[in-house]
Amino acid sequence: MAAIPTGAYTAAGASPLLHPNSCLRVTSARFNFRVRASASTAGGSAASTGQQPPTPPAPLSNNGSLRNNSTTHEIEEKTLTIKDYMEWSKDMIGCGSEGGPPRWFSPLDCGSPIKDSPLLLYLPGIDGVGLGLIKHHKRLGRIFNMWCLHVPVTDRTLFTDLVLLVEATVRSEHHHAPRRPIYLLGESFGGCLALAVAARNPHIDLALILANPATRLCESQLQNLIVLSEVIPEQLHTSMVKTLSVTTGLPTRVAVAIPGNGRPLQQAVAELFRGDAAFSSYLSVLADVLPAETLIWRLKMLKSAAAFVNSRLHAVKAQTLVLSSGKDHLIPSPEEGERLCHMLPNCEIRRFNNSGHALLLEDGFDLVTVIKGASFYRRGRHLDFVKDFVPPSTSEFDSVYQPYRWMEVAFNPVMISTLENGNIVRGLTGIPSEGPVLLVGYHMMLGLELVPLVSRLWNEKKIVLRGIAHPMMFQRLGEGRMPVLSMYDDFRFMGAVPVSATNFYKLLSSKSHVLLYPGGMREALHRKGEEYKLFWPEQSEFVRMAARFGAKIVPFGTVGEDDVGQMLLDYNDLMKIPYFKAGIEELTDEAEKLRNDIEGEVANQDVHLPIILPKLPGRFYFYFGKPIETEGRKEELKSREKAHELYLEVKSEVERCINFLKEKRENDPYRNILARTVYQASHGFESEVPTFDL
């Protein structure tokens, strides 16, 4: 076949002329994209589609993630709205002929993904345009090789044929990269497509992201519209769509009689939809993009799609993440999300209670943050918490940190560190910038020190602190009282990993900054009178591993929990009350057990929530001791005796840091929030509040 010159055909018209392994770059007034191939002939892999030479990728760290440098991976998306989506969609449809079969395209603003990025296939809703991810192109394009499905407005491909079309692409790409997962991101109708493909291909490693999947139409406005379209003669379909989409209410000026019935169309529509503003608004968007006959065709196809998928849900084995909107007025997304979560064997759900049906286009919704927070991003058959971690950009961090900013105001943490020469300075200058670095310290009640610690290290030194956390933050052993996993998404997003020797090894080998609390849950859930007491195991658990990689060990102490709350009922008190005792036993049974082979208090891992009476906030204090070098001591620390000596040295240094802070804070004139507020009122609320003399 002769080469097709760039720009000779539009995105819609060129695809049928393309060789399966060819690629066409198309430029519109608002966006650029590559047409991959006609979907009916899709067979070329990502590696063989004849792409333009990619721009050099951002630098990678040893673990394949983006380096912790905001200038190399800071990606800002332009704020886009439903209006932008409509204009872009019209551009894409109107930039040339809309004939031909469905086809894949890649937005050029996605850029070049990081190494070994998986393929993401976006399956759109009933609009079929494929631009539902316009707010997320750039950031998704950094971690995925992204293809979007476009179904021309004149296309009348049946649902079953669309399933075969997507399936052909999935099988082809799986053949070229069998060890890499393929992501299917299905929105509304696209969710039906994704589930159907997954049901037919249980042997392929698929990861499904379903945004308000339209798998349940009963009691929905879409079902009402489908019923109405079946009753009304075909020649009146255009009038019906206009009736619904012109205003949020139903215009009295529209009165088209339904033959053989005598009732005006406006009355029939009003009885079904009762002027639902959200539905009318959404339909207005669709009607502005699609011809009425295309919209009716696809609504009817949606009905058959839902029936097809529901009869095959039992065959779906793929890992699935359901994104469910609480204010979806088109379909019952909250109920459907729960149903899918219970029916599918490997499914999690994330709820967005204040969002509507067009979740992916809403302001404030960040798809990449949701995917990473749910630990749903992987580049191999199994999730690797170290290699698959992608550090946050500054904008991502700011978005995640926003709900916790009150802690900075309330606790106004004081951070002091120790330089290599032994001098104590305010700030984090004494913490080495280059890893591997192991921060070992005291775990305050309920881990209250975590947010200030992680945020300050990021803001001052752009260090991502990888915390070693309890497995309960990553998986639930059963349904019950355990908090939903989404509660811990922000911690996973910032790089927390489940505690294990393997993850510890991988973190140090990748030169990460690692946070370790030897006292674990027992320390974070201590009893009355045990404030600032260390509950460390007798064995030197981390020293020899740190020495193996020459990691610097930074012991630190934290103080301040007794200035923000007073414990009313601790574990011992709660276990005396039958109701609370039963709850603690149930929670503990649902959590994975740790340190079963260790005796003593540190092995007491009962999960409970102590009852604490809040106080007028005081202040948090952090003291980082002088870094302890293990470089060159690998052979020496192979000796258990020598390793234990260093272990005791680190523990003693943590206790010294705590005692130093407890003594020094007594001389802090701004320990109370009222004194700090007065100071900032006169010096500016962004000013650094003084503390004790060092």
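How each quantity is defined
All residue numbers refer to position in the chain's written sequence, counted from 1. Given that this is a predicted model, residues contribute local features only at a pLDDT of at least 70 and side-chain atom pairs are listed and counted only at 80 or more, while totals for whole chains, interfaces and linings are drawn from all residues. As a rule here, side-chain values cover all heavy atoms of the structure and leave hydrogens and water aside. Helical segments are the DSSP runs of H or I of at least four residues, strand segments are the runs of E of at least two, and each set is numbered from the N terminus. For each residue, the accessible area found with a 1.4 Å probe, counting protein chains only, is set against the maximum for its type, and the residue is called buried under 20%, exposed over 50%, and partly exposed in between. We call two residues contacting when some pair of their heavy atoms lies within 4.5 Å. Accessibility throughout is a Shrake-Rupley quantity obtained with a 1.4 Å probe, and a residue counts as covered only by protein chains that appear here. In this analysis, rings of Phe, Tyr and Trp, with Trp reduced to its six-membered ring, are considered paired at centre separations within 6.5 Å, and the interplanar angle assigns stacked below 30 degrees, edge-to-face beyond 60, and tilted for intermediate values. Charges are assigned to positions over rings by a cutoff of 6 Å between ring centre and Lys NZ or Arg CZ, combined with an angular limit of 35 degrees from the ring normal. We define the nonpolar core as a collection of buried residues of types Ala, Val, Leu, Ile, Met, Phe, Trp, Tyr and Cys that are connected through side-chain atoms lying within 4.5 Å of one another. An automatic or database domain assignment supplies the residue ranges for each domain. Looking at any residue, its pLDDT shows the predictor's confidence there, from 0 to 100. Comment: axis = line fitted to C-alpha atoms, over the contacting stretch for helices; angle = value between 0 and 180 degrees taken between N-to-C directions. Amino acid classes used here: Ala, Val, Leu, Ile, Met, Phe, Trp, Tyr, Cys and Pro are nonpolar; Asp, Glu, Lys and Arg are charged; the rest, including Gly, are polar. Pairs of N or O atoms within 3.5 Å make up the polar contacts considered here, provided that, within protein, one atom can donate a hydrogen while the other can accept it, and that residues adjacent in sequence are counted only when both atoms are side-chain atoms. A pair of strands is labelled paired if DSSP reports no fewer than 2 bridges between them. Orient the strands so they point away from the viewer; a crossover is then right-handed if the path from the first strand over the helix to the second runs clockwise. Here the expected length of a helix is defined as 1.5 Å per residue gap, with one fewer gap than residues. Definition used for salt bridges: Asp or Glu carboxyl oxygen within 4 Å of a side-chain nitrogen of Lys or Arg.

Observations regarding the overall build of the protein
Helices and strands together make up the secondary structure of the protein, namely 24 helices and 19 strands. Out of the 694 residues in the protein, the part that is buried amounts to 56%. For the protein, contacts bridging at least 24 residues in sequence account for 79% of all contacts bridging at least 6. Accessible surface, the protein as shown: approximately 28900 Å² in total, 52% of it carbon and sulfur.

Concerning the packing of aromatic side chains
Per the stated rule, a full pass over the model turns up 24 aromatic pairs. Ring centres of Phe 144 and Tyr 183 lie 4.9 Å apart, and the angle between their planes is 70°; this geometry places the pair in the edge-to-face category. Note that Phe 144 is positioned in the loop between helix 4 (137-143) and strand 5 (145-150) and Tyr 183 in strand 6 (residues 182-187), a separation of 39 residues in sequence. Per residue, the accessibility class of Phe 144 equals that of Tyr 183, and both read buried. Three or more aromatic residues link up through ring pairs in this structure, and these residues are Phe 144, Tyr 183, Phe 376 and Tyr 377. Just above the ring of Phe 535 sits the side chain of Arg 522; from NZ or CZ to the centre is 4.1 Å.

As for the nonpolar core
Phe 159, Leu 206, Leu 208 and Leu 323 are the most contacted members of the largest nonpolar core, which has 90 residues in total. Residues from two domains meet in this core; each of domain 1 (82-218 + 307-374) and domain 2 (221-247 + 263-297) gives at least three. Contact partners of Leu 323, with chain neighbours within four places excluded, come to Ile 209, Leu 210, Ala 211, Asn 212, Arg 350, Phe 352, Leu 359, Phe 365, Leu 367 and Val 370. Membership of the second largest hydrophobic core comes to 68 residues, among which are Val 414, Leu 439, Val 543 and Tyr 621.

A short note on the confidence of the model for the protein
Looking at the protein, pLDDT values average 81 and 76% of them are 70 or higher. Counted against residues more than four places away or in other chains, residues 1-29, with its pLDDT under 50, gives 76 contacts. A low-confidence stretch, residues 243-280 stays under pLDDT 50, and its non-local contacts, those more than four residues away or across chains, total 69 contacts.

A word on the packing of helix 5 (residues 159-176) against helix 11 (residues 292-310)
In the contact formed by helix 5 and helix 11, the axes pass within 9 Å of each other and the chain directions differ by 65°. Only Met 301, Ser 304, Ala 305, Phe 308 and Val 309 of helix 11 make contact with helix 5, whose side of the interface consists of Phe 159, Thr 160 and Leu 162. In terms of residue class, the contact of helix 5 with helix 11 is built from 6 nonpolar, 2 polar and no charged.

Some remarks on the side chain of Arg 379
Structurally, Arg 379 can be placed in the loop between helix 13 (367-373) and helix 14 (394-401). Of note is the side chain of Arg 379, whose polar atom sits 3.2 Å from the backbone oxygen of Lys 115.

Some points on the pairing of strand 15 (residues 513-516)
The alternating pattern of strand 15 places His 513 and Leu 515 on one face and Val 514 and Leu 516 on the opposite face, and all of these are buried. Where strand 12 (residues 437-441) meets strand 15, 4 bridges bridge the pair, whose relative direction is parallel. Among the inter-strand pairings, Leu 438 is bridged to a residue of strand 15, identified as Val 514. In the sheet, strand 13 (residues 465-469) pairs with strand 15 via 3 bridges, with the strands oriented parallel.

Considerations on the pairing of strand 5
With 6 of 6 residues buried, strand 5 lies mostly within the body of the structure. By the alternation rule, side chains of strand 5 split into Asn 145, Trp 147 and Leu 149 and Met 146, Cys 148 and His 150, which are all buried. Bridge analysis of strand 3 (residues 103-107) against strand 5 gives 3 bridges, and the strand direction is antiparallel. Across the sheet, the residue bridging to Phe 105 is Cys 148, located in strand 5. Relative to strand 5, strand 4 (residues 119-123) runs parallel, the two sharing 4 bridges. Bridge pairing links Leu 120 to Met 146 in strand 5. Crossover handedness for the path strand 4 to helix 4 to strand 5: right-handed.

What to know about helix 23 (residues 640-664)
Given a rise of 1.5 Å per residue, 25 residues ought to cover 36 Å, and the 36 Å separating the end C-alpha atoms of helix 23 matches this to within 8%. Within the span of helix 23, buried status applies to Ala 643, Leu 646, Tyr 647, Val 650, Glu 653, Val 654, Cys 657, Ile 658, Phe 660 and Leu 661.

A short note on unusual backbone geometry
A cis amide bond links Gly 435 with the next residue in sequence, Pro 436, at an omega value of 5°. Mapping Pro 436 onto the fold places it in the loop between strand 11 (424-426) and strand 12. For Asn 212, which is not a glycine, the phi torsion comes out positive at approximately 45°. Mapping Asn 212 onto the fold places it in the loop between strand 7 (206-211) and helix 7 (221-231). Given a relative accessible area of 0%, Asn 212 falls into the buried group. Phi at Leu 446 is positive, roughly 60°, even though this residue is not glycine. Checked against the element boundaries, Leu 446 lands in the loop between strand 12 and helix 16 (450-461). Note on Leu 446: relative accessible area 39%, which makes it partly exposed.

Here we look at helix 16
Here helix 16 is 12 residues long and its end C-alpha atoms lie 16 Å apart, about the 16 Å a rise of 1.5 Å per residue gives. Within helix 16, the full set of buried residues consists of Val 451, Pro 452, Leu 453, Val 454, Ser 455, Arg 456, Leu 457 and Trp 458. Directly after helix 16, the chain includes Lys 462, whose backbone phi takes a positive value near 55°.

Things to note about the environment of Pro 617
One can find Pro 617 in the loop between strand 18 (611-614) and strand 19 (621-624). We classify Pro 617 as buried; its relative accessible area is 18%. When the C-alpha atoms of Pro 617 and Val 564 are compared, they prove to be 4.7 Å apart, with 53 residues separating the residues in sequence. What Pro 617 contacts, discounting residues up to four positions off in sequence, is Ala 410, Phe 411, Asp 563, Val 564, Arg 671, Asn 672, Ile 673 and Arg 676.

Topic: the pattern of salt bridges
Pairs can form between side chains of opposite charge whenever their charged atoms are close. In this structure the tally under the stated criterion is 30 salt bridges. Between Asp 205 and Arg 378 there is a salt bridge, with its nearest N and O atoms 2.8 Å apart. Residue Asp 205 is located in the loop between helix 6 (189-200) and strand 7, and its partner Arg 378 is located in the loop between helix 13 and helix 14; the two are separated by 173 residues in the primary sequence. For Arg 378, a relative accessible area of 5% gives the class buried. Of the charged contacts in the structure, one is a salt bridge between Glu 635 and Lys 638, with a shortest N-O distance of 3.3 Å.

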